[in-house]
Amino acid sequence: LARLVKGRRVTCRVRGADAAGRGLGVCWVGGLDLAATLLRGGLGWARGQETISGEDYGAIEREARKQRIGIWRGKPLPPWTYREEAWQAARTRAPEGCAIKGHVSARGRFYVPPWSPAYGRVRVRERRGGRWFCSEREALAAGWRPHPWK
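Here we summarise the structure given alongside this text. (Residues numbered from 1 in each chain as written. Predicted model: local features only at pLDDT ≥ 70, side-chain atom pairs only at ≥ 80, totals over all residues. Heavy atoms only, no water.)

## Some words on the pattern of salt bridges
Then, number 1: A complete count under the given rule lists 2 salt bridges for this structure.
Then, number 2: With a closest N to O distance of 2.8 Å, Glu-61 and Arg-65 form a salt bridge. Separated by 4 residues within a single helix, Glu-61 and Arg-65 lie in helix 3 (residues 57–67), roughly one turn from each other.
Then, number 3: With a relative accessible area of 10%, Glu-61 lands in the buried category.
Then, number 4: Taking relative accessible area as the criterion, Arg-65 reaches 39% and is therefore assigned partly exposed.
Then, number 5: Salt-bridge contacts for Arg-131 lead to Glu-138; the nearest nitrogen and oxygen are separated by 3.5 Å.
Then, number 6: Taking relative accessible area as the criterion, Glu-138 reaches 30% and is therefore assigned partly exposed. (Salt bridge = Lys/Arg side-chain N within 4 Å of Asp/Glu carboxyl O. Helix = DSSP H or I, 4+ residues; strand = E, 2+ residues; numbered from the N terminus. Buried < 20%, exposed > 50% of the residue type's maximum accessible area, 1.4 Å probe, protein only.)

## Quick look at the packing of aromatic side chains
Aromatic ring pairs: the centre-centre distance and the angle between the two ring planes describe each pair.
Then, number 1: In the structure shown here, the tally under the stated rule is 4 aromatic pairs.
Then, number 2: Arranged with centres 5.7 Å apart and planes meeting at 70 degrees, the rings of Trp-45 and Trp-80 form a pair that is edge-to-face. Of this pair, Trp-45 sits in the loop between helix 2 (34–40) and helix 3 while Trp-80 sits in helix 4 (residues 79–93), and the two are 35 residues apart along the sequence.
Then, number 3: Look at Trp-45 and you get partly exposed, because its relative accessible area is 21%.
Then, number 4: With a relative accessible area of 30%, Trp-80 lands in the partly exposed category.
Then, number 5: Judged by centre distance (5.3 Å) and plane angle (70 degrees), the rings of Phe-133 and Trp-144 are edge-to-face. Here Phe-133 is found in strand 6 (residues 131–133), whereas its partner Trp-144 is found in the loop between helix 5 (136–141) and strand 7 (145–146), with 11 residues between them in sequence.
Then, number 6: Classification of Trp-144 by relative accessible area gives buried; the value is 3%.
Then, number 7: Among the aromatic residues, ring-to-ring pairing joins Trp-45, Trp-72 and Trp-80 into one connected group. (Phe/Tyr/Trp six-rings, centres within 6.5 Å; stacked < 30°, edge-to-face > 60°.)

## Regarding a positive patch on the surface
Then, number 1: A cluster of basic residues, Arg-123, Arg-125, Arg-127 and Arg-128, forms a positive patch at the surface.
Then, number 2: Of note, Arg-123 is situated in the loop between strand 5 (108–112) and strand 6. (Patch = residues over 30% accessible without salt bridge, like charges linked within 9 Å, V, L, I, M, F, W, Y side chains within 5 Å. Areas by Shrake-Rupley, 256 points an atom, 1.4 Å probe, with all protein chains shown as cover. Lys, Arg positive; Asp, Glu negative; His and termini not counted. Charge placed at Lys NZ, Arg CZ, Asp CG, Glu CD.)

Here you go:
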């Protein structure tokens with residue numbers, strides 16, 4: 001993706017929302033649909049967005065899988081499955097099952113979800129104002145920001 005967009009103008013348009021209310025959109029560089037290009041290279045999942053841009057993302061993903069291109073050379077774990085597994089494992093070790101770490105630093109108050117690469121390095125230091133959260137929504141409502149390493 002970095003190579004596709006480096007130094008070039010990216011245009012995106014929101015085309016709808018998913019079940020959680022997050023915006024779904026399409027991004028292009030020139031006339032190149034970035035999602036379709038990444039999917040053709042075997043670099044992601046269509047995840048139910050088969051027709052958002054007029055491209056059949058599901059068909060593109062299926063072809064990359066069939067050709068064993070990119071991640072499809074192996075048996076990749078979908079990101080949503082990885083996050084759920086990380087969440088469940090962290091919940092068993094977290095106070096009251098609230099697995100999101102609230103970290104206080106000189107730069108501010110940040111939260112770190114279990115799937116973050118920083119999760120294992122961050123310690124909740126309650127004496128310094130750190131705390132645990134049960135959801136990202138709860139952390140945001142309390143005024144905490146996503147950790148920059150998220």
